[in-house]
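Listed below, chain by chain, are the residues.
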Amino acid sequence: MTGKLNWIGVVLLALGASCAPAEVAPGAKVEIEGEVLLDPEESGLLRSMLGMVTHPDGSIYVNTQTQQRLYRSVDQGRSWTLLPVNLSGAPPGQVQHGLYAGRDGNLWLMHQSPGGKDLFVSVSSDSGITWKTTAIDFGPFSPGGSEDPYAFCFNDYNTFFQEADGTIALGVGLRYPNHRDYQQEDRSRPGFHETLIRSRDGGQTWGDPTEVHQHVAETGYAVDPNDPLRVLAMTRIQRPPFPGEDVEAMSKRSGAPPGAGAIYKQGILLESSDGGRTFREVPGSLNEYYGHRGTILWTPGNVVVITHQGGVPGKSAPDGTVLARVSLDGGRTWVNETESGTPSMAESTRFLLVPNPPGHSFTAPTVELEPDHFLTVYNTRHPGWESRAVKGVFWRVVRSSGN
């Protein structure tokens, strides 16, 4: 693709110039270096939750979700090639929710038909030219098994990660028939039930389910490059209050606006120290209300980048911006307005990657191009919900002395 935005991005990146003022915090600053057009306005994308991964061969793939295609770049995101996805082993009209590149070079794609009644994983060993599809019977993954199965599997962009022994883990949202009823006596049944399922045979079979969190969905996972047992997850927590809960106190903690149906509806960081078998909420990581739809990247240099949509204080709406939060030490501390940083992700500096306008909607995943240089892709948005184009922003982290 050789449009004007693509050319501007290439020139600025090559010259090392910045097309926007740097945002500065004592630990680091963020500089915008350029932009690129992946998918034009006339493409007809609708409510697209983007996914992006770097292949072991250095190429980059972007999943546009709502149409059966990928985009591939072999020049660090400067130009892109359309790659149709032929999922012959699944019903037509699949929604592509999760994309991953394994250490062996295989591409993994989680997808399903609209309605949440089926679930598939497809694997490609030839860079996305052909795919082998497996249908997953997710109902018996519930604690009650086939006697009390899950009824729905809803996934917006849940993702994969690879365990140390090569096992592929996939996050899926599994729900009971009455998952919306928060008034029922059994409080274990409502909610999204984010669950990790695993395959040890190249995607032919799936099982070994473990619940990540009862009330989260839309989850991205990242593994510590120095400790495969440590996993971070950026996710969306959402639920109304249960009977008897202190709504006023909960609203004060979450920032929920008056009259909001969901007492929590924002991003939160989860952490596992046992390779993803169990997770805990990270203290101080509950960000602003409607600041969800987040993604996470953990680089070989131990930098963690989280991107998410900006929330509007006191309102149930995003503000049309793409924000980044940065940790230079594997999530131990986050860059903020102090020299030492903060252990609280929610109190870290919200670096602006994309202003409004052009505005955005849904996810904005990131890959590292070289140390401290990144590409984040996002959707621009009409005043309604529909997306109108997919663009990318090149940016870098400039560290202060001592970092």
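Quick note: structure is the one above.
Given the structure is predicted, the values throughout are model-derived calculations rather than measurements. (Residues numbered from 1 in each chain as written. Predicted model: local features only at pLDDT ≥ 70, side-chain atom pairs only at ≥ 80, totals over all residues. Heavy atoms only, no water.)

Draft legend 1. Fine view of the overall build of the chain. Summing up its helical and strand segments, the chain has 2 helices and 26 strands in all. Whereas a compact globule of 403 residues would reach a radius of gyration of roughly 22 Å, the chain reaches 20 Å, a difference of no more than 12%. On the principal axes, the C-alpha backbone points of the chain span a range of 65 × 50 × 45 Å. Within the chain, counting contacts between residues at least 6 apart in sequence, those at least 24 apart form 54% of the total. Roughly 16,000 Å² of accessible area belongs to the chain as shown, and the carbon and sulfur atoms make up 53% of that amount. The centroid of the 33 positive side-chain charges in the chain is displaced by 4 Å from the centroid of its 44 negative side-chain charges. (Helix = DSSP H or I, 4+ residues; strand = E, 2+ residues; numbered from the N terminus. Rg over C-alpha atoms; globule rule 2.2 N^0.38 Å. Contact = heavy atoms within 4.5 Å. Areas by Shrake-Rupley, 256 points an atom, 1.4 Å probe, with all protein chains shown as cover. Lys, Arg positive; Asp, Glu negative; His and termini not counted. Charge placed at Lys NZ, Arg CZ, Asp CG, Glu CD.)

Draft legend 2. How the structure looks around unusual backbone geometry. Omega for the peptide link from Asn 356 to Pro 357 comes to 0 degrees, which places this bond in the cis form. Summarising the element assignment, Pro 357 is placed in the loop between β23 (351-354) and β24 (366-370). The linkage connecting Pro 357 with the following residue, Pro 358, adopts the cis geometry, with an omega of 15 degrees. The backbone phi angle of Ser 127 is positive, close to 60 degrees, even though this residue is not glycine. The phi dihedral of His 193 falls on the positive side, at around 55 degrees, and the residue is not glycine. When you line up the elements, His 193 lands in the loop between β13 (168-175) and β14 (194-199). For His 193, a relative accessible area of 2% gives the class buried. (Buried < 20%, exposed > 50% of the residue type's maximum accessible area, 1.4 Å probe, protein only.)

Draft legend 3. Structural view of the pairing of β14. Burial of β14 is extensive: 6 of the 6 residues sit out of reach of the surface. In β14, alternate side chains face the same way, and those of Glu 194, Leu 196 and Arg 198 on one face and Thr 195, Ile 197 and Ser 199 on the other are all buried. Examined bridge by bridge, β13 and β14 share 6 bridges and lie antiparallel to one another. By the bridge assignment, Leu 170 is partnered in β14 with Ile 197. In this sheet, strand β15 (residues 207-213) lies alongside β14 in antiparallel orientation, the contact comprising 4 bridges. Opposite Thr 195, over in β15, you have Glu 211 as the bridge partner. (Pairing = 2+ DSSP bridges.)

Draft legend 4. Fine view of the nonpolar core. Formed by 21 residues in total, the largest nonpolar core has its most connected members in Val 326, Leu 353, Trp 395 and Val 397. Mapped onto this core, the elements with two or more residues apiece are β2 (28-39), β22 (318-327), β23, β25 (373-381) and β26 (387-399). (Core = buried A, V, L, I, M, F, W, Y, C linked by side-chain atoms within 4.5 Å.)

Draft legend 5. Spatial organisation of the pattern of salt bridges. This structure, assessed with the given rule, holds 17 salt bridges. Its salt-bridge partner being Arg 280, residue Glu 271 comes within 2.8 Å of it at the nearest N-O pair. Classification of Glu 271 by relative accessible area gives buried; the value is 13%. Between Arg 325 and Glu 288 there is a salt bridge, with the nearest N and O atoms lying 3.0 Å from each other. You can see Arg 325 sitting in strand β22 and its partner Glu 288 sitting in the loop between β19 (280-281) and β20 (295-298), a full 37 residues away along the chain. No difference in accessibility class separates Arg 325 from Glu 288, as the two residues are buried. (Salt bridge = Lys/Arg side-chain N within 4 Å of Asp/Glu carboxyl O.)

Draft legend 6. Geometry of the layout of surface pockets. There is about 1,100 Å³ of room inside the largest pocket. Lining the largest pocket are 41 residues, and of these Val 53, Tyr 100, Tyr 221, Leu 297 and Trp 298 sit closest to its centre. Elements that contribute at least two residues to the lining of the largest pocket include exactly β3 (51-54), β7 (95-101), β12 (160-162), β16 (216-224), β20 and β24. The element contributing the most residues to the lining of the largest pocket is β16, with 6 residues. Its volume calculated, the second largest pocket comes out at about 580 Å³. Mapped onto the lining of the second largest pocket, the elements with two or more residues apiece are β7, β13, β16 and β17 (227-239). Of the residues forming the lining of the second largest pocket, the biggest block, 3 residues, is contributed by β17. (1 Å grid on protein atoms, 1.4 Å probe; cavity = no way out; pocket = protein on both sides within 12 Å on 5 of 7 lines; lining within 4 Å. Points joined across faces, edges and corners; volume = space filled by probe spheres on them.)

Draft legend 7. Local environment of the packing of aromatic side chains. In this structure the tally under the stated criterion is 10 aromatic pairs. An angle of 20 degrees between the planes, with centres 5.6 Å apart, marks the rings of Phe 152 and Phe 154 as stacked. Residue Phe 154 is classed as partly exposed on the basis of its relative accessible area of 31%. Each member of the aromatic cluster is reached from another via a ring pair, and the members are Tyr 100, Trp 108, Phe 160 and Trp 206. The ring of Tyr 176 is capped by Arg 189, whose NZ or CZ atom sits 4.0 Å from the centre of that ring. (Phe/Tyr/Trp six-rings, centres within 6.5 Å; stacked < 30°, edge-to-face > 60°. Lys NZ or Arg CZ within 6 Å of the ring centre and 35° of its normal.)

Draft legend 8. Main features of the environment of Val 123. Residue placement: Val 123 occurs in strand β9 (residues 120-124). Val 123 has contacts with Asn 106, Leu 107, Trp 108, Thr 130, Trp 131, Lys 132 and Gly 202, leaving out every residue within four places of it along the chain.

Just distances and angles here, no functional claims.
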